[in-house]
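Descriptive structure summary
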Amino acid sequence: MKSFSECPHRSPVAISDFIKDIIKDKKVCELGCAEGDNMVFMSRYAKEVVGLEYDDLRLNVAVQRGLNVSKGDYYKDELPSADVYYFWPNDGVRDNEFLVDKIYSNKEFHGTIIVAGDTGFPPEPPVVKKCAEKWGGTIEEVEFYEGVGERQNGTFVLAIIEK
């Protein structure tokens, strides 16, 4: 098993490369950022990247890596302000629509919401596509190959929703 310092563990670098034009020079918030792999990748393009994580162990790893991560529960807490929100929650079936609605209903927010789903986890893509349909977004598929191992090969589905 890979240690947290061996990126990527959770999020493929191909995702941040694909969305680089969307996040370029913007403040990005990753909701449920885990150990912060994707934050590291997105920071190559974004003006600023912040994260929100509720799990203490994952939060501590991200903080040890020098990432700007706050402890929080996106169900209960106010979200950090951002131009772009990105998320790939552990339970997208439960969380995706809730998160898009929470962000989209914020009258102050004008930006982009990116919902991710891994086609290797069959429940995720239909929920991502439903978010795009419900909030007038587009669907993109991003193939990645980053070696042999968990979540290092496959296709991600992204809903890109503009407000």
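Scroll up for the structure.
These numbers come from a predicted model, not from an experiment. (Residues numbered from 1 in each chain as written. Predicted model: local features only at pLDDT ≥ 70, side-chain atom pairs only at ≥ 80, totals over all residues. Heavy atoms only, no water.)

With that settled, consider the layout of surface pockets. The volume enclosed by the largest pocket comes to roughly 200 Å³. Lining the largest pocket are 15 residues, and of these Tyr 54, Tyr 74, Asn 90, Arg 94 and Asp 95 lie nearest its centre. (1 Å grid on protein atoms, 1.4 Å probe; cavity = no way out; pocket = protein on both sides within 12 Å on 5 of 7 lines; lining within 4 Å. Points joined across faces, edges and corners; volume = space filled by probe spheres on them.)

On to helix 5 (residues 92-104). Here helix 5 is 13 residues long and its end C-alpha atoms lie 17 Å apart, about the 18 Å a rise of 1.5 Å per residue gives. Buried-residue contacts for helix 5 involve strand 1 (27-31), strand 4 (84-87), strand 5 (112-118), helix 6 (124-134) and strand 7 (153-162). (Helix = DSSP H or I, 4+ residues; strand = E, 2+ residues; numbered from the N terminus. Expected span 1.5 Å × (residues − 1). Contact = heavy atoms within 4.5 Å.)

Further remarks concern the nonpolar core. Counting residues in hydrophobic clusters, the biggest one holds 25 residues, and the most contacted among them are Ile 19, Ile 23, Tyr 86, Ile 114 and Leu 158. Within the residue set of this core, elements represented by two or more residues are helix 1 (13-18), helix 2 (20-23), helix 3 (37-42), helix 4 (56-64), strand 4, strand 5, strand 6 (138-145) and strand 7. With three residues, strand 7 is the largest single contributor of residues to this core. Setting aside residues no more than four positions away along its own chain, Leu 158 makes contact with Ile 15, Phe 18, Ile 19, Ile 114, Val 115, Ala 116, Val 128, Thr 138, Ile 139, Glu 140 and Val 142. (Core = buried A, V, L, I, M, F, W, Y, C linked by side-chain atoms within 4.5 Å. Buried < 20%, exposed > 50% of the residue type's maximum accessible area, 1.4 Å probe, protein only.)

Here the focus is the sheet that holds strand 3 (residues 69-71). Strands belonging to one sheet form pairs held by backbone hydrogen bonds; the direction of such a pair is parallel or antiparallel. As summarised here, the arrangement of the seven strands in space is 3-2-1-4-5-7-6, forming an open sheet in which the pairing is mixed. Edge positions in the open sheet fall to strand 3 and strand 6, since each of these has one partner strand only. Averaged over all pairs of adjacent strands, the angle between strand axes in this sheet comes to 20°, irrespective of strand direction. Summarising the sheet, strand 5 and strand 7 pair through seven bridges and their orientation is antiparallel. (Pairing = 2+ DSSP bridges. Axes fitted to C-alpha atoms, helices over the stretch in contact; angles between N-to-C directions.)

This part takes up the pattern of salt bridges. A side chain of one charge can pair with a side chain of the opposite charge when the charged atoms of the two come close. For the coordinates displayed, the defined rule picks out eight salt bridges. When the shortest N-O distance is used, the salt bridge between Arg 44 and Asp 17 registers 2.5 Å. Of this pair, Arg 44 sits in the loop between helix 3 and strand 2 (48-53) while Asp 17 sits in helix 1, and the two are 27 residues apart along the sequence. On the basis of relative accessible area, Asp 17 is assigned to the partly exposed category, the value being 30%. We note a salt bridge from Lys 134 to Glu 97, for which the minimum N-O separation is 3.3 Å. (Salt bridge = Lys/Arg side-chain N within 4 Å of Asp/Glu carboxyl O.)

All right, on to the packing of aromatic side chains then. Counted according to the given criterion, the structure contains five aromatic pairs. Considering the side-chain rings of Tyr 74 and Tyr 75, the 5.8 Å spacing of their centres and the 35° angle between planes classify their relative orientation as tilted. Judged by its relative accessible area of 33%, Tyr 75 is partly exposed. Each residue in the set Tyr 74, Tyr 75 and Phe 98 is aromatic and connected to the rest through ring pairs, giving one cluster. Sitting above the plane of the Tyr 104 ring, Lys 163 keeps its charged end 5.6 Å from the centroid. (Phe/Tyr/Trp six-rings, centres within 6.5 Å; stacked < 30°, edge-to-face > 60°. Lys NZ or Arg CZ within 6 Å of the ring centre and 35° of its normal.)

All chains considered together, the criterion is met by zero disulfides. Cys 33 provides the cysteine sulfur closest to Cys 29, a residue in no disulfide bond, and the two sulfurs are 8.1 Å apart. Residue Cys 33 is classed as buried on the basis of its relative accessible area, which comes to 3%. (Disulfide = S-S within 2.5 Å.)

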